[in-house]
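# Overview (structure and organization)
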Amino acid sequence: MTTQFFFFQLLNGLSFAALLFFLASGFTLIFGLMRIVNLSHGAYYLVGGYVGLTVTLATGSFWLGLLAAPLAIGLIGLFTERVLLRPLRGNVLPEVLLTVGIAFVFADMSLEIWGGDPRSVPLPEFLRGGIDVGFVTYPRYRFFVMACALLVGLALFYLHSRTRIGAMVRAGVDDREMISALGLNINRIFTGVFVAGALLAGMAGLIGGGLLSLVPGADTEILLYSLAVVIIGGLGSLPGAVVGSLIVGMADSFGRALLPELSYFTLFAPMALILVLRPRGLLGRD
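Heads up: these notes are all about the structure in this document. (Residues numbered from 1 in each chain as written. Predicted model: local features only at pLDDT ≥ 70, side-chain atom pairs only at ≥ 80, totals over all residues. Heavy atoms only, no water.)

## Focus: the side chain of Thr 80
Here Thr 80 is to be found in helix H3 (residues 62-85). For Thr 80, a relative accessible area of 2% translates into the label buried. At 3.2 Å, the side chain of Thr 80 and the side chain of Tyr 44 are in polar contact. Look past the residues within four positions of Thr 80 in its chain and what remains in contact with it is Tyr 44, Leu 85, Ile 102 and Phe 194. (Helix = DSSP H or I, 4+ residues; strand = E, 2+ residues; numbered from the N terminus. Buried < 20%, exposed > 50% of the residue type's maximum accessible area, 1.4 Å probe, protein only. Polar contact = N/O pair within 3.5 Å; in protein donor to acceptor, adjacent residues only side chain to side chain. Contact = heavy atoms within 4.5 Å.)

## Let's talk about the packing of aromatic side chains
For the structure on display, the rule yields 14 aromatic pairs. For the pair Phe 62 and Phe 144, a centre-to-centre distance of 6.3 Å together with 70° between the ring planes defines the contact as edge-to-face. With Phe 62 in helix H3 and Phe 144 in helix H5 (residues 140-162), the pair connects residues that are 82 residues apart, well separated along the chain. A relative accessible area of 3% means that Phe 62 is categorised as buried. (Phe/Tyr/Trp six-rings, centres within 6.5 Å; stacked < 30°, edge-to-face > 60°.)

## Some remarks on the nonpolar core
Leu 20, Phe 22, Tyr 44, Phe 62, Tyr 141, Ile 207 and Val 248 are the most contacted members of the largest nonpolar core, which has 74 residues in total. Broken down by element, this core gets its largest block of residues, 13 residues, from helix H1 (residues 3-34). Tyr 141 has contacts with Phe 62, Leu 123, Leu 127, Leu 206, Ile 207, Gly 210 and Leu 211, leaving out every residue within four places of it along the chain. (Core = buried A, V, L, I, M, F, W, Y, C linked by side-chain atoms within 4.5 Å.)

See below:
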């Protein structure tokens, strides 16, 4: 393994991990607080990417697309939580089946509206090309994805650990009944966390549309990666989302490069091992 090859795959793993963090952070917060395995999260990613692509093509502005994608998916998340999921609160199987149904509906709608051909989000001029980092010349846009994930991660950790809203979310994760008994509106907290997770998924869709292709089926694939992240890192844990994203990103990058015929084995074998040895994940709470 040459030094150039190693650093190239390392950067590939970091950039893919950055994209996964956008999805997994919202996914794990929704489960940690609401105990809902939101299987429509991948569909939010795909629809967000298509909405962002449409706005970018219509306006010629990548930044307007980056604004429109999370806003559109945030509104969809608001409707989903308040109108569809709230009447089912506490019924695990109906909640899971509903989110699966939402995923199928969005997948079919996306295919009907945007077609089945792979689409990529056009990038602004300054994000095109590469940067020489010594050992390799690496795409500038991938560094942009990593920087965005770092900024979002720092903002989430600050909100989660340093603000009153974060304290209410942490308390809701620990004891939802006590939060309600203290007079706090737990339903409003539920809605806020669900919408925040949807916003992050929509943003990931547009960013991922410039990194990967938007194509029917991408929602299912990215959902599987996100599930691997939160299972490895621990459901309900933001630090776990970081650790899980890094493990999955590196396993995918080096697995595809070194053992392409066993790439899914190198990805999901660590997840299976962690499920056996530590079912709550590396940083999951007991």
